[in-house]
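Here is what each chain is made of, one letter per residue.
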Amino acid sequence: HLDGVSAATLVLVKDTPVVVDAAQGVARRLDPSSGEPAGDLCFDASDPAPIELASTSGSPWLVALTPTNGSLYLADLDGGSPCRVFRLGDVGLAGVRYGRPVERDGLVFVPDTVAGTVIVVDPERPTPPEDLKRIDIVDARAVELMTHNGFVWYEEAGGDRVGVID
């Protein structure tokens, strides 16, 4: 039992377990050998909407996305950087526009199901929404992302398209 945590999700950040309770705005690092709390992360996702979390292997960032408002939250596991929030863009009439993010080589990739693109975010460089790098996914709207063997892969949800994002 963790004090201050009611409904939580477990995610790995740089091979360290982290418990996230978005409703409470809590992200708590756990000691990998004991499972005991080992300190809170800076995490300010106080929006009551559901979040999508990304496990990260190489970077020290907890990555959380609120798909209903286009906010990407980043919290530094090592504590060296402040909390960061990237606004990805207006959700509009779509309701849920952005899919589950993934991380590779210190970059965060977020599918935009309305535009049929993947947004690339560098946590070290704050960037306004209009200047974020966008990669077109040919003839695919709703895609799911995953990392495997050092690549970011996409798969068309309910379709037969797959590919690698360079």
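Residues numbered from 1 in each chain as written. Predicted model: local features only at pLDDT ≥ 70, side-chain atom pairs only at ≥ 80, totals over all residues. Heavy atoms only, no water.

Enquirer: Can you help me understand the nonpolar core in this one?
Expert: One recurring pattern in soluble globular proteins is that nonpolar side chains are buried together. Core analysis: the largest hydrophobic core is formed by 15 residues, its most contacted members being Leu 72, Leu 88, Val 110 and Val 121. No other element matches the three residues that strand β6 (residues 61-66) contributes to this core. Once you skip the residues sitting within four places of it in the chain, Val 121 turns out to touch Leu 72, Phe 86, Leu 88, Leu 107, Val 108 and Leu 132. Of all hydrophobic cores here, the second largest spans twelve residues; its members include Val 18, Val 20, Tyr 73 and Leu 77. (Core = buried A, V, L, I, M, F, W, Y, C linked by side-chain atoms within 4.5 Å. Buried < 20%, exposed > 50% of the residue type's maximum accessible area, 1.4 Å probe, protein only. Helix = DSSP H or I, 4+ residues; strand = E, 2+ residues; numbered from the N terminus. Contact = heavy atoms within 4.5 Å.)

Enquirer: Can you walk me through the sheet that holds strand β13 (residues 143-148) in this structure?
Expert: Through backbone hydrogen bonds, the strands of a sheet pair up, either in parallel or in antiparallel fashion. One open sheet accounts for three strands, arranged β13-β14-β15; its pairing is antiparallel. Edge positions in the sheet fall to β13 and β15 (162-165), since each of these pairs with one other strand and no more. Put simply, the sheet's adjacent strands are angled 30° from each other on average, direction ignored. Alignment of β13 against strand β14 (residues 151-156), held across six bridges, turns out to be antiparallel. Looking across to β14, one finds that His 148 is bridged to Phe 151. (Pairing = 2+ DSSP bridges. Axes fitted to C-alpha atoms, helices over the stretch in contact; angles between N-to-C directions.)

Enquirer: What's the story with the environment of Pro 129 in this structure? I'm lost.
Expert: Mapped onto the elements of the fold, Pro 129 is located in the loop between β11 (117-121) and β12 (133-136). In the structure, Pro 129 is positioned 42 residues away from Arg 87 in sequence and 6.0 Å away in space, judged by C-alpha atoms. Contact partners of Pro 129, with chain neighbours within four places excluded, come to Arg 87, Leu 88, Gly 89 and Arg 134.

Enquirer: How should the pattern of salt bridges be read in this particular structure?
Expert: Should their charged atoms come close, side chains of opposite charge can pair. Counted by the stated rule, this structure contains five salt bridges. With its nearest N and O atoms 3.9 Å apart, the salt bridge here joins Arg 84 to Glu 124. In this pair, Arg 84 sits in strand β8 (residues 84-87) while Glu 124 sits in the loop between β11 and β12, placing the two residues 40 residues apart along the sequence. Note that Asp 112 and Arg 97 form a salt bridge whose closest N and O atoms lie 2.8 Å from each other. Here Asp 112, found in strand β10 (residues 107-112), pairs with Arg 97, found in the loop between β8 and β9 (102-104); they are 15 residues apart in sequence, far enough to count as distant. Neither Asp 112 nor Arg 97 differs from the other in exposure class; each is buried. A cluster of three or more residues bridged by salt bridges with shared partners is formed by Arg 97, Asp 112 and Arg 134. (Salt bridge = Lys/Arg side-chain N within 4 Å of Asp/Glu carboxyl O.)

Enquirer: Please explain the sheet that holds strand β5 (residues 52-54) as it appears in this structure.
Expert: Here we have four strands laid out as an open sheet, ordered β5-β6-β7-β8, and antiparallel in their pairing. Looking at strand neighbours, the two that pair on one side only are β5 and β8, the edges of this open sheet. Here the strands of the sheet are splayed against their neighbours by 20° on average, with no regard to which way each runs. Looking at chain direction, β6 and strand β7 (residues 71-76) are connected through six bridges and run antiparallel. Paired with Val 63 across the two strands is Leu 74, which belongs to β7.

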